[in-house]
Amino acid sequence: MTQGQTSAIDLTLGDLARLEEVVDREALSDVCRSFFELFGLSIRVLSKDGTLLADVHQEREICQYVNRLPAGAAACARTVAQVKTATPDGAPVLLPCFTGGRYRVEPIRYQGRQVGRFVIGPYLPAETRAVPRSLLEIDPGVVDDDALRALAEMPRVRPETAGRLAAHFRKVVDLLLFSSHRAHLTSEMHVASVREGYRELAEKTANLQQAYNRLKELDKLKSNFLATVSHELRTPLTSIIGYSEMLEAGIAGDLAGEQREFVETIRRKGDHLLALITSLLDLSKLEQGALRLQREPLSPKALLDEIVTTFMPRAREKSVSISVDAADDLPAVDGDPVRLRQVLSNLADNAMKFTPEGGSIMLRAVETDLVGGEDGEMGMVLMAAARPAIRFEVADSGAGMKQEELTRIFDAFYQVDGSSTREHGGAGLGLSIVKRLVNAHEGEIHVTSEVDVGTTFSVTLPAVETDL
Amino acid sequence: MQLDFTARELTVKLVYYGPALSGKTTNLQAIHKLVHADASGRLMTLETRDDRTLFFDLLPLSFQAGAGLSVRLKLFTVPGQVIHDATRRLVLQGADGVVFVADSQRAETRANQRAFLNMKENLRENGMQPERVPLVIQFNKRDLPDIRTDDEIDALSQKSPEPVYKAIATRGTGVVETFLGLMDRTWLHLEKEHGLEQKFDLEPSRFLKEVRHRLGFTRRGES
């Protein structure tokens, strides 16, 4: 930590590493030029390690004069070297030149540290009248009158004035340094803050991703568990149903009135339980994406007719009318016959459950387009390609549902009537399975409903494309 | 802390932490006003918007502490607003001591707590143990109505492991005491960690006297 300062430490302590990294040399030169124009004094600014950062000077006549003489040139070089290497420690250093001139070397301190120095001069002390002996003796070629004439051109400064000029320049440089340093720190800090913010976000994202992966794994475990349990439950249940049926059929001897009734109940409840377990199994298969569809072209009207035939006995029993509205020449639907029957039966079953006596159920099929992409999505009109499709509708004149219920009915285990004493049975899996089956067909399912008027489910499925 | 043996130069970083608008910048402004002009550099404020600190404020102080030791103190404030957490963490890096500036108003109690937890969290994130960082707590804005009472604060500070100061930073009251309190703890801590006394031949009491003297806090510090 002692010597090799890194930029990290500079930022931590808000320190200035090197004058030249912060200060704009052009600006510094401008300040020096202005100083020179105002006071006629040469000025140079050097960094801590001696790099010349700004230099505005005029070669004085006396300097040109002595440089023409061999010994004079050598002495001049010595003086300049001395000035260049002078390091004022806290206080200014005054360096005399053999010509009688002076150089004033001032430290530049910033935040308690010396970061550089500036040199004013050469100038003549105001009281100088004659050519100093040091100049006359430097070279045998020095002529008193010529030297005096050359010296006359040199600016003369009183010691206290020199101090005031240096103080002024120090203040200007300090202000320049402060502004530059602040700008420098601001930009450094900005970048560092953005980087730190990014690092934090990236870390959080990685943690979230990890948690998400773990949850996905758990979800898979849950589905596996569901599948296994359903399967294991189904095996003994099949036996229970089988033996109940055999008892019912009188294979083990005739049953008396109440005995038959009890066995029938066992068998009926067994069937119900089996249906529930089968839906659980379906759901878990769908969740795992393990369900494979056996797709083939299917006639929409034939599908609906079949459903009506199945539900007709229950409809008659309940005094509900059930009818089909579908043209014979509709294009074929591209679907898995078993799964599509499951979808439509489920919807018809729901309609049957919720339609009161004297109500009606209508099964409809119409030709339509299936447009991919989310409604309102940017550029949807370009991105979504319309495919020919069939829309099936199951409309009832039942109790209907409230708007807030509509958004949740496709969730697994959701029941519109959540009470334990609810009128209609089921595990709340039907519609969630229906939705997943429709999605597996790249189809869409929607529901519209009005309380006391009825509910319409519409399932849109891709038709078999003939013209492609 | 940064130690340069060849230059006999010690740089210490002190950070003013606290919830938004609790008076961190005002503390620095007050110190800047009260300190000897030749010991203080310009108060640097990095980017503000609506009088709120965006990055940090920096007040550099420097003086000769005797025994040829040159001391540089860097006083920083963090931005208090919640969204500047990354910047707060950066400013807190390498802090040798922390002043927690709390807002005395009752309504700000939760904000104080949240900022304090955030400070501990950020110290930890920076690889520092919060319990080991020299810390003093300042209850600022003692002149406002509906504040936590003196009795309440005094009773609590009896049990507090860190010194508690009361201040009205806008008037400069309690600001120097808080600063010197932290300086005291920080020097003792640095002394323990780095053996500064032996290295620089400076007793803690003499060092603190020098700090007060050089910064022009003599009367205040000793009162």
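Residues numbered from 1 in each chain as written. Chains lettered and ligands numbered in written order. Predicted model: local features only at pLDDT ≥ 70, side-chain atom pairs only at ≥ 80, totals over all residues.

Chemist: Please set out the overall build of chain A residue by residue, giving values where relevant.
Modeler: On a plain count of helices and strands, chain A comes out with 14 helices and 13 strands. Counting every position in chain A, which comprises 468 residues, the buried fraction comes to 28%. Long-range contacts, defined as pairs at least 24 residues apart, comprise 65% of the intrachain contacts of chain A with a sequence gap of at least 6. (Helix = DSSP H or I, 4+ residues; strand = E, 2+ residues; numbered from the N terminus. Buried ≥ 20, exposed ≤ 12 C-beta atoms within 10 Å, placed from the backbone. Contact = placed C-beta atoms within 7 Å.)

Chemist: Would you mind going over the overall build of chain B in detail, with residue names and values included?
Modeler: Regarding its fold elements, chain B presents 8 helices and 10 strands. Taking all 223 residues of chain B together, 48% fall into the buried category. Pairs at least 24 residues apart make up 69% of the contacts formed inside chain B by residues separated by at least 6 positions.

Chemist: Which residues make up the interface of chain A and chain B, and what values do they have?
Modeler: Every contact between the two is made by 18 residues of chain A and, on the other side, 24 residues of chain B. Those elements that provide at least two residues to the side of chain A that touches chain B are helix H1 (7-13) and helix H8 (159-248) of chain A. The greatest single-element share of the side of chain A that touches chain B, amounting to 10 residues, is contributed by H8(A). Counted by class, the side of chain A that touches chain B contains 7 nonpolar, 8 polar and 3 charged residues. (Nonpolar A, V, L, I, M, F, W, Y, C, P; charged D, E, K, R; others polar.)

Chemist: An account of the nonpolar core is needed here, citing residue identities and associated values.
Modeler: Across soluble globular proteins, nonpolar side chains have a tendency to be buried as a group. Core analysis: the biggest nonpolar cluster contains 64 residues, and Val15(B), Tyr16(B), Ile31(B), Leu75(B), Val98(B), Val99(B) and Phe100(B) have the highest contact counts within it. Of all the elements, helix H5 (residues 175-194) of chain B adds the most residues to this core, at 8 residues. Tyr16(B) has contacts with Lys24(B), Asn27(B), Leu28(B), Leu75(B), Phe76(B), Thr77(B), Val99(B) and Val101(B), leaving out every residue within four places of it along the chain. Of all hydrophobic cores here, the second largest spans 41 residues; its members include Val23(A), Phe35(A), Ile62(A) and Tyr103(A). (Core = buried A, V, L, I, M, F, W, Y, C linked by C-beta atoms within 7 Å.)

Chemist: For the confidence of the model for chain A, give the residues involved together with the corresponding values.
Modeler: Residues and elements named next belong to chain A. Of all residues in chain A, 90% attain a pLDDT of 70 or more, and the chain-wide mean is 86. Within the model, pLDDT remains below 50 along residues 1-6, and this stretch shows 7 contacts once partners closer than five positions in the same chain are excluded. Scored below 50 in pLDDT, residues 419-423 makes 3 contacts in the model with residues more than four places away or belonging to other chains. (pLDDT = per-residue confidence, 0-100.)

Chemist: How would you sum up the confidence of the model for chain B? Please name residues and give values.
Modeler: All names here are of chain B. Of the residues in chain B, 98% reach a pLDDT of 70 or more, and the chain-wide mean stands at 91. Model confidence for chain B, summarised as mean pLDDT per element, is weakest for helix H8 (residues 218-222) at 52 and strongest for strand S8 (residues 97-103) at 97. Prediction confidence for the complex, expressed as pTM and ipTM, is 0.68 and 0.84 respectively.

Chemist: Can you break down unusual backbone geometry residue by residue, with the values?
Modeler: Excluding glycine, most residues fall at negative phi; most peptide bonds, likewise, are trans. All names here are of chain A. Cis peptide bonds are those with omega within 30 degrees of zero, and the linkage from Gly-121 to Pro-122 qualifies with 10 degrees. As for its position among the elements, Pro-122 is in strand S5 (residues 113-125). Not every positive phi belongs to a glycine, and Ser-319 is a case in point at roughly 55 degrees. When you line up the elements, Ser-319 lands in the loop between helix H10 (300-318) and strand S8 (321-326). For Ser-319, a count of 10 C-beta atoms within 10 Å puts it in the exposed group. With a phi close to 70 degrees, Asp-452 is a non-glycine residue in the positive phi region. Among the secondary structure elements, Asp-452 is positioned in the loop between strand S12 (444-450) and strand S13 (454-462). Under the C-beta neighbour-count criterion, Asp-452 is labelled exposed, with 8 such atoms within 10 Å.

Chemist: Would you mind going over helix H3 (residues 109-125) of chain B in detail, with residue names and values included?
Modeler: Along an α-helix, residues three or four apart share an orientation, since each turn contains 3.6 residues. Residues and elements named next belong to chain B. Taking 1.5 Å per residue as the helical rise, H3 with its 17 residues ought to reach 24 Å, and the 24 Å between its terminal C-alpha atoms agrees with that figure. Here H3 has its buried residues at Asn-112, Ala-115, Met-119, Asn-122 and Leu-123. Burial along H3 is one-sided: seen end-on, the buried residues are contained in an arc of 100 degrees. The outward face of H3, more than 90 degrees from its buried face, is lined by the exposed residues Arg-110, Gln-113, Arg-114, Leu-117 and Arg-124. Buried residues in H3 make contact with strand S2 (9-17), helix H2 (85-92) and S8. In the stretch just after H3, Gly-127 is the one whose phi turns positive, near 80 degrees. (Expected span 1.5 Å × (residues − 1). Arc of directions from axis to C-beta.)

Chemist: Which residues make up the environment of Gln342(A), and what values go with them?
Modeler: For Gln342(A), the location among the structural elements is in helix H11 (residues 337-354). When the C-alpha positions of Gln342(A) and Ile307(A) are compared, they lie 9.7 Å apart, and in sequence the two are 35 residues distant.

Chemist: Describe the pairing of strand S7 (residues 70-77) of chain B, naming the residues involved and giving the relevant values.
Modeler: Residue and element names in this part refer to chain B. With 7 of its 8 residues buried, S7 lies for the most part within the structure. Here S2 runs beside S7; their pairing, made up of 8 bridges, is parallel. For Tyr-16, the partnering residue across the bridge sits in S7 and is Thr-77. Relative to S7, strand S6 (residues 57-64) runs antiparallel, the two being bridged by 8 bridges. Considered in S7, the bridge of Asp-57 is made with Thr-77. Counted along the chain from S6 to the antiparallel partner S7, the turn is 5 residues long, and its residue Gly-66 has a positive phi close to 85 degrees. (Pairing = 2+ DSSP bridges.)

Chemist: Which residues make up the pairing of S8(B), and what are the values?
Modeler: Residue and element names in this part refer to chain B. Buried residues dominate S8, accounting for 7 of its 7 residues. In this structure, S2 lies alongside S8, joined through 4 bridges in parallel fashion. Within S8, the residue paired with Val-15 across the bridge is Val-98. Sheet topology places S8 next to strand S9 (residues 135-140); 6 bridges connect them, and they run parallel. Across the sheet, Ala-102 pairs through a bridge with Phe-139, a residue of S9.

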